Structure formats: structure tokens, C-alpha cells
Amino acid sequence: MGWHIKNNELRIVKIDKVKIEAYNVKSIFFKDKLSSLAKPGQFLMAWIPGVDEIPLSVSFASDGLAAVTVKEVGEATRALNKMAEGSLIGIRGPFGSHFKIFGKRALVVGGGIGSAPLLLLINKLLRNSVKTLFIEGAKMHSEILFQDQLNLLRDEYDLEIVFTTDDGSYGVKGLVTDVAERYLSKRRFDSLYACGRESMIRKLFLLSEKYTVPMQASLERIMRCAIGICGSCVIGKYRVCRDGPVFDSKQLREINNEMGRFKRDFRGDKVPID
Ligand SMILES: Cc1cc2nc3c(=O)[nH]c(=O)nc-3n(C[C@H](O)[C@H](O)[C@H](O)COP(=O)(O)OP(=O)(O)OC[C@H]3O[C@@H](n4cnc5c(N)ncnc54)[C@H](O)[C@@H]3O)c2cc1C
Ligand code: FES
């Protein structure tokens, strides 16, 4: 089991600080010992009183303080992002597998809100002296996340950063996967880390196989229990909440037929990903 029973206890926490990160995206900071011990890629279940409980990656974790970075896409995320400092939310977790550090040269690729768990990962890679290139893609400039924090890491640790936007309003114009391939074809990396839309992960997975770079990717499925019981997060033989959300190349090969092609809807039916 990748989690301890204590992690599954609901804790009520007070929102300490709210930070606007990008258009429709906020980071919500709160004090919680267990969340602050989360490893890069792990997630929490956040209960928004009277609305819903939703899975969110830990985007910041240090010294008893943690944060989630939330993009408004529906009722629960909108309600959470409206909450002010001092409001109360419920937290369970951290749950799931995490990104593992190995090798000396890493390529990290984030797409949109998929970059949420990657700042924690990048920090860990750099502190382990792994030379890191981060390619962050977004639809447009206003959706780029963590620019200030990334620039600080660039100055302090030599993090290499490439921003890409679909509309060319910032950084390199084009799809993050095309830019990633340019680097994969020119340079040798020991590991490829990715989080974002599943179509992006699917393309990166195929590239990782082509250029024989071991990959770890974080996947998303609808989650309810978060502890491997309800079955709402099934992909192939895995449950994303318990066996994932971070999967390695060997596991990604096993779910290659479903990844980026099918997901489960709220009723548990298998539906194509558009
Ligand atoms: C392991 C994991 C980590 C996540 N980390 C983050 C994060 O760090 N930040 C963040 O903003 N979001 C994250 N998500 C997605 C987040 O859980 C959903 O955006 C949220 O549940 C939507 O709830 P809602 O009530 O606002 O929207 P709903 O009204 O439930 O749905 C609105 C739209 O969002 C889509 N949606 C619903 N659930 C999900 C889901 N699980 N994944 C993707 N799309 C969904 C629906 O298809 C619909 O189109 C994560 C999901 C998982 C599984
Ligand atoms: S969310 Fe219930 S089994 Fe994964």
C-alpha cells in the first residue's frame, strides 16, 4: 500500500494564503503536517463544504505548509477558488505514487494546469544535482504558471526553462510536444517526466519509446475514494488513485491501448477521450 491509514483521515484546515497564479488559476496555501510531507506527484482529496470533494495535486510542500494549485473548470474548482483566507476546507491524503528521481539529466514537460505538481518535482531534481530542462506549454501567455518561482530556480540552480504557447503570445509558438521532440532528438536525457492532458502524455510516451528515454507520467481519472476501493479511477489493470497517479514506462506500455484514448465517465462507463 502506498498510503498510511492516517493519511485518509479528514482534516479540517484553514486557508492561510491565496495566490493568483494565472488566468482562472489560484494556489491555496494551508498548514497541514501530512500534506507538507507529500512527495512530488502525490495528490490530496480536497473537500469544499457543501459542494464536493475533488482530487488536487500538491504543488507546494515545506515546513508544515502545503498548497494546491487550482484551475476553475466546474462547480467545485470555482467554489474553491472563491474561498478567502481564513475559510475552512477538508483535506485527505497525500495519496498515490510519486515521481522518482534518477539519472543526471532530466526533461520535464508540463501542459496547462498539468504543471501544478511539477514545481515540487523540479525543486527536488535540482536539489539532487540533476541537470533539468523544463518545457512548460500553455494555450496562451495568461495561462503560464509559476513564472516567478521558475525564474528564481533558474538563477539559483541553473534550471533551463522553455515556455511554449499555442498562439505564440509568449515563448516558442507551437505545441509543447513538438518542442520536446526537438530537444529529445538533439540531446541525451536519463529521464522524462510529464503531466498534462492525456493526448499530450500519449505523444510524449511514443517519443520516449522512440528515443529510449525512461518516462514517468501523471495521469488523471475521476476519483471518489482515493484509496483503491470504489473503482471509479480504473485504467487497464490499474487504479490511478492507488497504483498511480504517476506511472512509469513499463506501466504506460501496459495501458497504452487506453491511455489518451478512453476514460471512465461519472457512471463508470468507458468513453472515448475527445
Ligand atoms: C490525481 C489528480 C490530480 C489533479 N490535480 C489537479 C490540480 O493540481 N489542479 C487542478 O486544477 N486540477 C487537478 N485535477 C483535476 C481536478 O480534480 C478537476 O478539475 C476537478 O475534479 C473538477 O471538478 P469541478 O466540480 O470543478 O468540475 P466538474 O463540474 O466536475 O467538471 C468540469 C469539467 O472538468 C472535467 N473534469 C472533471 N473531473 C476531472 C478530472 N478528475 N480530471 C480532469 N478533468 C475533470 C469534466 O469532464 C468537465 O468537463 C486533478 C485530478 C486528478 C485525478
Ligand atoms: S478513486 Fe476509488 S478506486 Fe480509485
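Residues numbered from 1 in each chain as written. Chains lettered and ligands numbered in written order. Predicted model: local features only at pLDDT ≥ 70, side-chain atom pairs only at ≥ 80, totals over all residues.

### Structural notes on the site of ligand 1
So, point 1. In the neighbourhood of ligand 1, 22 residues make up the surrounding shell, with Ser57, Gly74, Ala76, Thr77 and Ala116 lying closest.
So, point 2. Those elements giving two or more residues to the shell around ligand 1 turn out to be strand S4 (52-62), strand S5 (65-71) and helix H2 (75-82).
So, point 3. A total of 5 residues in the shell around ligand 1 trace back to one element, the largest contributor, which is S4. (Near = placed C-beta within 6 Å. Helix = DSSP H or I, 4+ residues; strand = E, 2+ residues; numbered from the N terminus.)

### Remarks on the domain arrangement of the chain
So, point 1. If you check the domain split of the chain, you get domain 1 (5-95) and domain 2 (105-272).
So, point 2. Computed over C-alpha atoms, the centres of domain 1 and domain 2 are 20 Å apart.
So, point 3. Mapped onto the side of domain 1 that touches domain 2, the elements with two or more residues apiece are strand S1 (11-22), strand S3 (43-48), S4, S5 and strand S6 (88-95).
So, point 4. No other element matches S4, which puts 6 residues into the side of domain 1 that touches domain 2.
So, point 5. Considered class by class, the residues forming the side of domain 1 that touches domain 2 number 11 nonpolar, 6 polar and 3 charged. (Domains from an automatic or database assignment. Nonpolar A, V, L, I, M, F, W, Y, C, P; charged D, E, K, R; others polar.)

### Quick look at the sheet that holds strand S11 (residues 191-195)
So, point 1. What the 7 strands build is an open sheet, ordered S10-S9-S8-S7-S11-S12-S15; its pairing is mixed. Since the sheet does not close on itself, it has two edges, and those belong to strand S10 (172-173) and strand S15 (246-248), each with one partner.
So, point 2. Set on the sheet, helix H3 (residues 118-127) makes contact with strand S7 (105-111), strand S8 (131-138) and S11; between it and S7 the angle comes to about 170 degrees.
So, point 3. Helix H6 (residues 198-210) contacts S7, S11 and strand S12 (215-218) of the sheet and is inclined by roughly 175 degrees relative to S12. (Pairing = 2+ DSSP bridges. Contact = placed C-beta atoms within 7 Å. Axes fitted to C-alpha atoms, helices over the stretch in contact; angles between N-to-C directions.)

### A few points about unusual backbone geometry
Leaving glycine out, the prevailing phi sign among residues is negative, and the prevailing peptide bond configuration is trans.
So, point 1. Residue Gly93 is joined to Pro94 through a cis peptide bond whose omega torsion reads 0 degrees.
So, point 2. Here Pro94 is to be found in strand S6.
So, point 3. Of the consecutive residues Gly244 and Pro245, the connecting peptide bond is found in the cis state with omega at 10 degrees.
So, point 4. Secondary-structure assignment places Pro245 in the loop between helix H7 (240-243) and S15.

### With respect to the sheet that holds S5
Within a sheet, adjacent strands bond to each other through the backbone by hydrogen bonds, running parallel or antiparallel.
So, point 1. With respect to topology, 6 strands assemble into a closed barrel ordered S1-S2-S5-S4-S3-S6, the strand pairing being antiparallel. Taken pair by pair, the neighbouring strands of this sheet meet at an average axis angle of 45 degrees, ignoring direction.
So, point 2. Pairing between S4 and S5: 4 bridges, direction antiparallel. When the bridges of S5 are listed, Phe60 appears paired with Ala67.

### So, the pairing of strand S9 (residues 160-165)
So, point 1. Here S8 pairs with S9 via 6 bridges, running parallel. Directly across from Leu133, in S9, lies its bridge partner Glu160.
So, point 2. Of the crossover connections in this fold, the one passing from S8 over helix H4 (residues 147-157) to the parallel S9 is right-handed.
So, point 3. Examined bridge by bridge, S9 and S10 share 2 bridges and lie parallel to one another. Within S10, the residue paired with Thr165 across the bridge is Lys173. (Right-handed = clockwise from strand over helix to strand, strands pointing away.)

### Focus: the packing of helix H5 (residues 176-186) against H6
So, point 1. Close contact between H5 and H6 brings their axes to 10 Å; oriented N to C, the two are set at 15 degrees. It follows from the interaxial angle that H5 and H6 lie roughly parallel. Here H5 runs over H6; the crossing is right-handed. When H5 is examined against H6, the residues Val176, Thr177, Ala180, Glu181 and Leu184 are found in contact with a partner set consisting of Met200, Lys203, Leu204 and Leu207.
So, point 2. Here the contact of H5 with H6 is built from residues that sort into 6 nonpolar, 1 polar and 2 charged. (Parallel < 35°, antiparallel > 145°, perpendicular 65-115°, else oblique. Left-handed = near helix turned anticlockwise from the far one by under 90°.)

### Comments concerning the environment of Ser36
So, point 1. As for its position among the elements, Ser36 is in helix H1 (residues 33-36).
So, point 2. Spatially, the C-alpha atom of Ser36 lies 5.1 Å from that of Gly64, the residues being 28 residues apart in sequence.
So, point 3. When near neighbours in sequence (up to four residues on either side) are disregarded, Ser36 contacts Ala61, Ser62, Asp63, Gly64, Leu65 and Ala66.

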